[in-house]
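Understanding the architecture of this molecule
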Amino acid sequence: MTKLDLLVEELKIQINNELEFLNFENSIEFEINNIDKKKIDSLNFPGIYLFEIKRDTEFNYEDWSVIFREEFRGKNKEFLKKFTPNIIESRIKKHSDENEWVPLYLGKSKKISERIDKHIYSTLGLPPWALKLSSRPQLMRYQFRIKTLKIDVKNYDFIVPFIEKTIRQKLKPIVGRQ
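What you see is a predicted model, and the numbers here were worked out from it, not measured in a lab. Starting from 1, residues in each chain are numbered consecutively following that chain's sequence as written. Local features in a predicted model are, by the rule used here, given only for residues with pLDDT of at least 70; side-chain atom pairs are given and counted only at 80 or more, and totals for whole chains, interfaces and linings are based on all residues. Heavy atoms throughout the structure, all of them, feed into the side-chain values; hydrogens and water do not.

**A few points about the pairing of strand β5 (residues 143-150)**
Threshold: Paired strands, in this sense, are two strands between which DSSP finds at least two bridges. To qualify as a helix, a DSSP run of H or I must reach at least 4 residues; to qualify as a strand, a run of E must reach at least 2; elements of each kind are numbered from the N terminus.
In the sheet, strand β1 (residues 25-31) pairs with β5 via five bridges, with the strands oriented antiparallel. Residue pairing for β5: glutamate 25 is matched across the bridge by threonine 148. The pairing of strand β2 (residues 47-54) with β5 spans seven bridges and is classified as antiparallel. Across the sheet, residue glycine 47 finds its bridge partner in β5, namely lysine 150.

Dropping the structure here:
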């Protein structure tokens, strides 16, 4: 290993140690057709955000995940390849009946409120890459929750992608590009 590699490895260890003390905050629950825009706008800071979905507990997790796949992708997969992320099969299998709230999508942004707005309101089939929740009528029945982790650091582009990757490996959100 080079001296530079050793330095980066040490930094990764130190950042991981700091992650032990970081917790998601600003939990906002909403349904797609009933969103308090002021609450979303209040998230105007850099960091990481997590969308969670409240699963239908009428069904066990495995049955719910089959139903959700079809609802998220569309019966004829009309929501795929429309500048939208897809379900990650290996991650959907990592969750169980224990959790009513399922990690849906994890992302980072220098302006979380603007990015969340795009995930909710962007038009299907057009950039930017986003969940486009309001374009998915099958998801209107679900309750969603957004949690944030404010990370206001000078070296955002160096630090935050590493933190996002670490959190993604831990939470295993069921939808994503990565």
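**Side note on the side chain of arginine 69**
Cut-off, in case you're wondering: Per-residue accessibility, obtained with a 1.4 Å probe over protein chains only, is compared with the maximum for each type, and a residue is labelled buried under 20%, exposed over 50%, and partly exposed between these values. We call two N or O atoms a polar contact when they sit within 3.5 Å, provided that within protein one can donate a hydrogen and the other can accept it, with sequence-adjacent residues counted only if both atoms are side-chain atoms. In this analysis, two residues are considered to be in contact whenever any of their non-hydrogen atoms come within 4.5 Å of each other.
Mapped onto the secondary structure, arginine 69 falls in helix α3 (residues 61-73). Classification of arginine 69 by relative accessible area gives buried; the value is 17%. One polar contact links arginine 69 to glutamate 89, side chain to side chain, over a distance of 2.9 Å. With residues near it in sequence (within four places) discarded, arginine 69 still touches Gly74, Ile87, Glu89 and Ile92.

**Description of a nonpolar patch on the surface**
Note the threshold: Exposure above 30% relative accessible area and the lack of any salt bridge qualify a residue for a patch; like charges then connect within 9 Å, and the nonpolar side chains Val, Leu, Ile, Met, Phe, Trp and Tyr within 5 Å. Computed with the Shrake-Rupley method and a 1.4 Å probe, the accessible areas treat only the protein chains shown as cover for residues. Salt bridges, as used here, are contacts in which a Lys or Arg side-chain nitrogen is within 4 Å of a carboxyl oxygen on Asp or Glu.
Together, Leu4, Leu7, Leu11 and Phe158 make up a nonpolar patch on the protein surface, roughly 410 Å² of accessible area in all. Looking at which element gives the most residues to the nonpolar patch, the answer is helix α1 (residues 3-19), with three residues. Locating leucine 7 in the fold gives a position in helix α1.

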